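Coordinates in review
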Amino acid sequence: MLWPEETHRNAAGALVIGGISAVELAEEFGTPLYVFDGATLRHRARITVAAALAGGPGSRAVFASKALELPVILALLAEEGLGIDVVSGGELFVALKSGVDASLITFHGNNKSVQELREAIDAGIELIAVDNLHELDLLDELTAARPNPVPILLRVNPGIDVHTHDKIATGVLDSKFGFPLWNGDAAVAVARALEIGGIALRGFHCHLGSQLFDQYAAELAIEKIVAFASEMRREHGIEVEIISPGGGMGISYLEGMPEMDIVEWMGATADALERSCARARMPQPSLVFEPGRWIVGPAGVALYRVGSRRDIDGVRSYVSVDGGMADNIRPTLYDATYTAELANRPGAGAETVMIAGKYCESGDVLIRDIDLPRLEPGDLLAVPAAGAYCIPMASNYNLALKPAVVIVSEGKATLIRRRETYADLLTLDVLPAGV
Ligand SMILES: Cc1ncc(COP(=O)(O)O)c(C=O)c1O
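Anyway, here's the lowdown on the structure attached to this text.

What counts and what doesn't
- All residue numbers refer to position in the chain's written sequence, counted from 1.
- Residues qualify for local features only when their pLDDT is at least 70, as the model is predicted, and side-chain atom pairs are given and counted only at 80 or more; totals for whole chains, interfaces and linings, by contrast, use all residues.
- Note that the side-chain values use all heavy atoms of the structure and ignore hydrogens as well as water.
- Strands here mean DSSP runs of E at least two residues long; helices mean DSSP runs of H or I at least four residues long; both are numbered from the N terminus.
- Note on classification: 1.4 Å probe, protein chains only; a residue is buried when its accessible area is under 20% of the maximum for its type, exposed when over 50%, partly exposed between these limits.
- Should any heavy atoms of two residues lie within 4.5 Å, those residues are counted as being in contact.
- Two cysteine sulfur atoms make up a disulfide if the distance between them is within 2.5 Å.
- Fitted lines through C-alpha atoms give the axes, limited to the stretch in contact for helices. The angle between two N-to-C directions lies from 0 to 180 degrees.
- Here the angle decides the label: under 35 degrees means roughly parallel, over 145 means roughly antiparallel, 65 to 115 means roughly perpendicular, and every other value means oblique.
- Take the far helix as the reference: if the near one is turned anticlockwise from it by less than a right angle, the crossing is left-handed, and if turned clockwise, right-handed.
- Three classes are used, and their members are as follows: Ala, Val, Leu, Ile, Met, Phe, Trp, Tyr, Cys and Pro are nonpolar, Asp, Glu, Lys and Arg are charged, and the others, Gly among them, are polar.
- What makes two strands pair is DSSP finding at least two bridges between them.
- Put simply, a residue is near a molecule or strand once any heavy atom of it comes within 4 Å of that molecule or strand.
- Throughout this description, a polar contact denotes any pair of N or O atoms lying within 3.5 Å of each other; where both atoms belong to protein, one of them has to be capable of donating a hydrogen while the other can accept it, and for residues adjacent in sequence the pair is counted only when both atoms sit in side chains.
- Accessible areas in this description were obtained via Shrake-Rupley with a 1.4 Å probe; residue shielding takes into account the shown protein chains only.
- Here, the term nonpolar core denotes a set of buried Ala, Val, Leu, Ile, Met, Phe, Trp, Tyr and Cys residues that are joined through side-chain atoms within 4.5 Å.
- What a helix should span is 1.5 Å times the count of its residues minus one.
- Aromatic rings from Phe, Tyr and Trp, with only the six-membered ring used for Trp, were paired whenever their centres fell within 6.5 Å, and each pair was classed as stacked if the ring planes differed by under 30 degrees, edge-to-face if by over 60, and tilted otherwise.
- A positively charged side chain is recorded as over a ring if its NZ (Lys) or CZ (Arg) lies within 6 Å of the ring centre. The angle to the ring normal must also be within 35 degrees.
- A side-chain nitrogen of Lys or Arg and a carboxyl oxygen of Asp or Glu constitute a salt bridge if their distance falls within 4 Å.

1. Considerations on the environment of Gly 124
Summarising the element assignment, Gly 124 is placed in the loop between helix 5 (114-123) and strand 8 (127-130). Classification of Gly 124 as partly exposed rests on a relative accessible area of 43%. A C-alpha to C-alpha distance of 9.5 Å links Gly 124 and Asp 101, two positions 23 residues apart in sequence. Once you skip the residues sitting within four places of it in the chain, Gly 124 turns out to touch Ala 102 and Ser 103.

Here it is as structure tokens:
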């Protein structure tokens, strides 16, 4: 799925998302505008929750809120039965403020501060995924006087090479995340965790990377983790309750590009767990899946207004829009590819152009060499699959105003984040006299 469900063209040839035309949306809320389709969000959340539940007793899914941390959407996803994973005190704060129950929250990250750990413990969240020995030492101090042990997972690195961009591959040999399984580090971490009376080791977590299409990598990870869990069971007599294979399920960014079948992925992972546990003669733990991109990516569309163009004879043509790397850094950061459609009219003719952003970097190009009808100033361009990792990574580079976000449903658009104003740009500045 590339576009939100039921995206179509109206009689005038304008794109319609969630029952509202892109023309109306842009007029009412301005551009750049991020548009989320409520039905698509709910549908994908439901598919995910059901597929995870089928993974065995106690299995479930949590949404990786780093993919999209908008309070209304977190609340909507929690209402659909998803837990929430956070990676910072900020994400924890927003999840709690969004009404997400602490008992549904897992805290990740490779360098949690004392304050963040304290906040997570005080909130009574479900699980802290511990990444390193430093965090175990901090938890030892922080939990010493607590009446109830704080539940943790240990993040392990199974050392599996996944086929994705280097910057979003996290479970390979050379990674900052997690205790390596292959060199004894993970075993040392288990022994250390078991010494700490204030924590309770519930299980193991890994996350192999993002935008993955190879479910065998997840199956292999499960096999390796179960083999390790079984070894730890023999050595320490511990029963593992949870194995979390993380997220990473890939989505379609371009016409004709398939998305990962999340039901198949979760089913295959559950089968791998059953097989591996049977082989190890070990009780089967619950699975906790952590998709982010798959749930929200295809539900979001970015709308831009077309402005200037530069035609360089014999080289290429650049068409600039009123957004770019400040609202979507992904193409600049890791060569992410997107497609787009002219959204306000059907359009005629075709030309190959670069869709450039408006910021002062040559690398600020949203889409390279795309075939589109000839674009005119004032046209609207719609970029699909913009629901994940755009808004959360947005910046104020060039003092860009962060875009507005709306949720559309059955012909109604609701503003869920207002566009920044010039005044917002000064809210953090301290202007002392006489410096
Ligand atoms: C620990 C963890 N879980 C889940 C995810 C979600 O990944 P994705 O959005 O690709 O599903 C990430 C992403 O980096 C992650 O680091």
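2. With respect to the state of the cysteines
By the definition in use, this model includes zero disulfides. Here Cys 277 stays free of any disulfide, with the sulfur of Cys 206 as its closest cysteine sulfur at 14 Å. By relative accessible area, which is 2% here, Cys 277 ends up buried.

3. Side note on the packing of helix 2 (residues 38-53) against helix 3 (residues 71-79)
At their nearest, the axes of helix 2 and helix 3 sit 9 Å apart, and the two run at 40° to each other. Looking at the two axes, helix 2 sits oblique to helix 3. Judged by the twist between their axes, the crossing of helix 2 over helix 3 is right-handed. Of the residues in helix 3, those in contact with Leu 41, Arg 42 and Ala 45 of helix 2 are Ile 73, Leu 76, Leu 77 and Glu 79. When its residues are assigned to classes, the contact of helix 2 with helix 3 shows five nonpolar, no polar and two charged.

4. Here we look at the pairing of strand 19 (residues 380-383)
Of the two faces of strand 19, the one holding Leu 380 and Ala 382 and the one holding Leu 381 and Val 383 are both buried throughout. Direction of pairing for strand 14 (residues 300-312) relative to strand 19: antiparallel, over a ladder of four bridges. Bridge pairing in strand 19 links Leu 303 to Ala 382. The pairing of strand 16 (residues 341-342) with strand 19 spans two bridges and is antiparallel. When the bridges of strand 19 are listed, Glu 341 appears paired with Ala 382.

5. What about the pairing of strand 11 (residues 199-205)?
Most of strand 11 is tucked away: six of the seven residues are buried. Judged from the six bridges that link them, strand 9 (residues 150-157) and strand 11 form a sheet pairing that is parallel. From the neighbouring strand, Leu 153 faces strand 11, where its bridge partner is Gly 203. As defined by bridge partners, strand 11 adjoins strand 12 (residues 242-246) across three bridges and the pair is classed as parallel. Opposite His 205, over in strand 12, you have Ser 244 as the bridge partner.

6. Some words on the site of the ligand
The full set close to the ligand counts 15 residues, and Ser 210, Gly 248, Glu 290, Arg 293 and Tyr 389 are the nearest of them. Lys 66 is positioned such that a nitrogen or oxygen atom in its side chain is 3.3 Å from an oxygen atom of the ligand. A distance of 2.9 Å separates an oxygen atom of the ligand from a polar atom in the backbone of Gly 292. About the coverage of the ligand: the protein hides 92% of its 400 Å² of free accessible area.

7. Considering the nonpolar core
Counting 132 residues, the largest nonpolar core has Ile 128, Leu 154 and Ile 355 as the members making the most contacts within it. Examining the composition of this core, we find that nine residues originate from one element, helix 8 (residues 215-236), more than from any other. Ile 355 has contacts with Val 319, Val 321, Val 365, Leu 366, Ile 367, Ile 370, Leu 372, Leu 375 and Leu 381, leaving out every residue within four places of it along the chain.

8. As for the side chain of Glu 219
Among the secondary structure elements, Glu 219 is positioned in helix 8. Setting aside residues up to four positions removed in sequence, Glu 219 forms contacts with Ala 268, Ala 272 and Arg 275.

9. Comments concerning unusual backbone geometry
Omega for the bond connecting Thr 31 with Pro 32 falls within 30 degrees of zero, at -5°, which places this linkage in the cis form. Residue Gln 211 is not a glycine yet carries a positive backbone phi of 55°. Here Gln 211 lies in the loop between strand 11 and helix 8. One non-glycine residue, Glu 410, lies in the positive phi region at around 45°. With respect to the helices and strands, the residue Glu 410 is situated in the loop between strand 20 (404-409) and strand 21 (412-417).

10. Describing helix 8
For helix 8, with 22 residues, the first-to-last C-alpha span of 31 Å sits near the 32 Å given by 1.5 Å per residue. Within helix 8, burial applies to Gln 215, Ala 217, Ala 218, Glu 219, Ala 221, Ile 222, Ile 225, Val 226, Phe 228, Ala 229, Ser 230 and Met 232. The N-cap of helix 8, judged by a side-chain oxygen 3.0 Å from the amide nitrogen of Tyr 216 a few residues on, is Asp 214. A positive backbone phi angle near 70° is found at Gly 237, which sits one or two residues after helix 8.

11. A short note on the packing of aromatic side chains
Per the stated rule, a full pass over the model turns up two aromatic pairs. With a centroid separation of 5.2 Å and 65° between ring planes, the pair formed by Phe 204 and Phe 228 is classed as edge-to-face. Of this pair, Phe 204 sits in strand 11 while Phe 228 is found in helix 8, placing the two residues 24 residues apart along the sequence. Its guanidinium or amino end placed over the ring of Trp 294, Arg 44 lies 3.8 Å from that ring's centre, counting from NZ or CZ.

12. Considering the pattern of salt bridges
In total, this model carries 23 salt bridges according to the counting rule given. Here Glu 219 makes a salt bridge to Arg 275, at a shortest N to O gap of 3.5 Å. Of this pair, Glu 219 sits in helix 8 while Arg 275 sits in helix 9 (residues 262-280); the two residues are 56 residues apart in sequence, bridging distant segments of the chain. A residue is classified by how much of its surface remains accessible, and Glu 219, at 12% relative accessible area, is buried. Bridged by salt links that share partners, the residues Arg 309, Asp 311, Glu 351, Arg 374 and Glu 376 form one connected network.

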